[in-house]
Each structure stands twice: as C-alpha cells, then as structure tokens.
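Examining the three-dimensional arrangement
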Amino acid sequence: MTKKYAVAVLGATGLVGEAMMRVLERRNFPVGRFVPLASARSAGRTVTFRGQQYPIEVLEDFDFNGIDIGLFSAGASVSAVAAPRAAAAGVVVIDNTSQYRYEDDIPLVVPECNPHRIADYRNRGIIANPNCSTIQLVVALKPIHDAVGIERVNVATYQAVSGAGRSAMEALTEGTRACLAGGKAPAQGPEKPIAFNVVPKIDRLMETGYTKEEMKMYWETRKILEDPSIMVNATCARVPVYYGHSEAVHIETRTKITVSEVQKLLNSAPGVAVIDGELPGEYPTAVTDAADRDPVYVGRIREDLTHPRGLNLWVVADNVLKGAALNSVQIAEILVNRVM
C-alpha cells in the first residue's frame, strides 16, 4: 500500500495555493490528510480538493503536529514566522516565498537541476522554491552548462501579471476595459499602468540600481547551478499577459557549442519542450504554448553574430505552474519517493 502523507497548503486561497491543490490532484500525490491554511481574513471560507469541501484553517491558531509536508505560499513575512514553527513540529516546509532562498543552509531546488539538494532539508526542515523567472531560466540552461559550461547570462524577462497576484490580474482587466472605452488605464499606486504597456520595474529598486527581481535571478541562478562564477545580468519587465513569463536569453559558453547540439541537448532534457523551426509559428509563446502547461518551452535558438561562443534562446513557461506550484509539488514527490 502506498504511504499517505498529511499535507498542508498555506495560502490556499491565493493563485499559487489554488494551483498547488490542482497539481496535487492531477499528479495523484499521495495525500492522506489535507489541510488548507490561510490568514484569519479567510476564516469561514472553504476550498475544494479532490471533490471534497474543506474549511480553511486559520494559520495563527493551527497546530502543525501531525503534518508531514507544508506547501507554503503566503508571502515572505508570513513564512518568516510560520515556517520555523512548522519545522519545529516535524513538518518539511517547501516554501515558495523569497524568505529563505539565500540562506546557505537551506536548499534552493529545481528538480531538473539539483534534486540532490532536497536531502539538505534536514538542516532546518525547510526547502526553498526559487523565483518563477529563475526556475524557467535554469531548466533551459542546466543541460548546456553541464555540457560546455556557461560564463555569462544576459536575460530580459517579459513577465505576466499573475506573478504579482490576483489584484494585478484585475488591474490589467480593468485597465484594458478603460483603454478600449477610450479612457486611460489607471496607474498602480505610484507605478505605471500595465494595460497596453511594458513596465521595466518589478519589485523594489536596490542600491545597485537593479530591482530585487533582477537580483533574485543573479543570486538564484548561481546557487542552483552551483557555480558562483557565472555572471548573470538581468532586466525584468512586466507585460500585459495573464499567464506565462517569456525570456530573451543570451549566453556565453566556456566551450563552443552549435545550434544543432543545443537542440539535441534540450530535446532530451527533463522538463523542456523545444519548438524551434523555420515555418511560421514554430516558436513558443505564453498564450499559445506555456499557459496552463507544465514544460519550459525553448525556441529561437541561434548563434550570436557578435560573440564566438554566444547563443540566444527564447524561453517561455507558465509562471504559476512550473514557476511556483508544479516545482513545489515536484520537490515533494522526490522528497517522499527518494529522501524521507
């Protein structure tokens, strides 16, 4: 008989929490007891999991004893308090926030890249899930880095509004309606409107002049690929797309590799789907390919005309699935099948 696990989903009423429940269902994860958790604001609400209604449990009052795995996606400040409390009760926390990603004794995991690090959960009972834009980048880069090494990565991201939560999706809808009615899209507080726009600022500006989102890609790529010598230069922009981040990636490899060799590597790489042909439409996009699908899609593979070891890639993935919920559940699958 397959062992069943007690699973708690923190942030169960959010976009990622809802996706985590769908992925657990779809992949038939061996859930015995299921507990949806959220803040007191969600008290009295219910969620549906495997056809059954479950009342939301309030995090502040919840006793984590008896829970095996916690999938956390309720914000860094919440995880800062809740994750150590859960870990102390014996829960293995898979945390989808930025709270623990950069701590040396906490593994930062993308299963296609560094699954061996999952066992390091024993350090503190916590596994960190990377940033959505980093996950799809490293899934595409890992086979190339293993084959010939990567010296430098330049990446420009075009990130969907779902990465900023439900309110950002609503702002896109409302702004689009306003523009189509002949008005102007409202700005998001002090920031720029997103409807019919491209906003080159995600998260706060740091002393470097880069945003925190851009620095996340710098820090996380090096940690996941276990190579602090890789140089990563990112520019992150928000675009009026609901689901699916797109990335224009330029890499400089340590050893020359051809387009056909890269295509062969990526075609056999776990979690990657290559759409890279010469016919019209033979390239991946967020709407037509990535949204609501699991793989990281790669296309527009070509040699850089200006660098002898340069390559360009176009990388697209669903930021809520592979960029968050799916990656978390994949970690949990390896955890229960190989580690615990």
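This report concerns the structure included in the present document. The model shown is predicted, which means the values in this text are computed figures rather than measured ones.

Membership of the largest hydrophobic core comes to 57 residues, with the highest contact counts inside it found for Val153, Val249 and Leu313. Examining the composition of this core, we find that 8 residues originate from one element, helix α3 (residues 132–148), more than from any other. In contact with Val153, other than residues within four places in its own chain, are Leu137, Leu141, Ile230, Met231, Val232, Asn233, Val249, His250 and Ile251. The next biggest cluster of nonpolar side chains, apart from the first, holds 38 residues, and it includes Met21, Leu24, Phe49 and Ile127.

Before going further, it helps to spend a moment on helix α5 (residues 212–224). Between its first and last C-alpha, α5 extends 18 Å over 13 residues, near the 18 Å set by a 1.5 Å rise per residue. Contacts from the buried residues of α5 go to α3, β9 (150–159), β10 (231–238) and β11 (245–253). Glu226 sits one or two residues past α5 and shows a positive phi near 55°.

Attention shifts here to the pattern of salt bridges. According to the stated counting rule, one finds 16 salt bridges in the structure shown. A salt bridge links Lys216 to Asp203; the shortest N-O distance between them is 3.6 Å. You can see Lys216 sitting in helix α5 and its partner Asp203 sitting in the loop between α4 (166–180) and α5, a full 13 residues away along the chain. What makes Asp203 partly exposed here is its relative accessible area of 35%. Members of the salt-bridge network, linked through shared partners, are Glu103, Asp105 and Arg124.

Among the residues making up helix α6 (residues 259–267), those that are buried are Val259, Val262 and Leu266. Considered in projection along α6, the buried side chains sweep an arc of 60° and stay on one side of the axis. Within α6, the exposed residues directed more than 90 degrees away from the buried face are Lys264 and Asn267. Close packing links the buried residues of α6 with α3, β12 (272–274), β13 (296–303) and β14 (310–317).

Spatially, the 6 strands line up as an open sheet ordered β10-β9-β11-β14-β13-β12, and their pairing is mixed. The open sheet has two free edges, formed respectively by β10 and β12, since each of these has just one partner strand. Here the average twist between neighbouring strands, direction ignored, is 20°. Both β12 and β13 contribute to a ladder of 3 bridges, which runs parallel. From the neighbouring strand, Val274 faces β13, where its bridge partner is Val298.

Rules and cut-offs
Residues numbered from 1 in each chain as written. Predicted model: local features only at pLDDT ≥ 70, side-chain atom pairs only at ≥ 80, totals over all residues. Heavy atoms only, no water. Core = buried A, V, L, I, M, F, W, Y, C linked by side-chain atoms within 4.5 Å. Buried < 20%, exposed > 50% of the residue type's maximum accessible area, 1.4 Å probe, protein only. Helix = DSSP H or I, 4+ residues; strand = E, 2+ residues; numbered from the N terminus. Contact = heavy atoms within 4.5 Å. Expected span 1.5 Å × (residues − 1). Salt bridge = Lys/Arg side-chain N within 4 Å of Asp/Glu carboxyl O. Arc of directions from axis to C-beta. Pairing = 2+ DSSP bridges. Axes fitted to C-alpha atoms, helices over the stretch in contact; angles between N-to-C directions.

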